[in-house]
Amino acid sequence: MTGTPGDVMRAMVAAFATGVVADVVHPDYLDHQGLDGERPLRGPEGFARVVEVARRAYAELDVTIVDLVEGPDRAAARIAWRGVRATGEITERETIDIVRVEDGRAVEHWGGRSSP
């Protein structure tokens, strides 16, 4: 899969919602946010690891783009996360994520939580 920065961001978010990781990140991908104790994460395997860890925490996970801003080589999004844990507890949060794209695939990611 290759595409515009917006297409790449949408595909990355879809991976969290579905668990299906498409060919959306470049072999040289660098995730600056990483996971607790695992920074930085690199390559398609690093992205797949983040998706796996995020999905493992929930029995159900819905991830949607609320706002998307796209430039020639970057996309930024405000993303809403709603998860249901195995206990039935519902958690909701928003993140702000930025991806830099080369040759139609993500090469860098920065992210941070925007609300609890």
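Refer to the structure above for everything that follows.
Residues numbered from 1 in each chain as written. Predicted model: local features only at pLDDT ≥ 70, side-chain atom pairs only at ≥ 80, totals over all residues. Heavy atoms only, no water.

A.B. asks: Break down the pattern of salt bridges for me, citing the residues and quoting the values.
C.D. replies: By the definition in use, this model includes 10 salt bridges. Arginine 100 is the partner of glutamate 102 in a salt bridge, and the nearest nitrogen-oxygen pair spans 2.8 Å. Each of Asp67, Arg78 and Glu94 takes part in a single network of salt bridges with overlapping partners. (Salt bridge = Lys/Arg side-chain N within 4 Å of Asp/Glu carboxyl O.)

A.B. asks: Residue-level account of the nonpolar core, with values.
C.D. replies: Counting 26 residues, the largest nonpolar core has Met12, Phe16 and Phe47 as the members making the most contacts within it. Listed by contribution, the elements that provide at least two residues to this core are helix H1 (5-18), strand S1 (25-31), helix H2 (43-56), strand S3 (60-70), strand S4 (74-84) and strand S5 (90-102). The leading source of residues in this core is H1, at 7 residues. Setting aside anything within four residues of it in sequence, one finds phenylalanine 16 in contact with Phe47, Val50, Val51, Ala54, Arg55, Leu61, Val63 and Trp81. (Core = buried A, V, L, I, M, F, W, Y, C linked by side-chain atoms within 4.5 Å. Buried < 20%, exposed > 50% of the residue type's maximum accessible area, 1.4 Å probe, protein only. Helix = DSSP H or I, 4+ residues; strand = E, 2+ residues; numbered from the N terminus. Contact = heavy atoms within 4.5 Å.)

A.B. asks: Tell me what's going on with unusual backbone geometry, and back it up with residues and numbers.
C.D. replies: A positive phi is found at aspartate 103, a non-glycine position, where the angle reads about 50°. You can see aspartate 103 is positioned in the loop between S5 and strand S6 (105-115). Looking at aspartate 103, the relative accessible area reads 66%, which means it is exposed.

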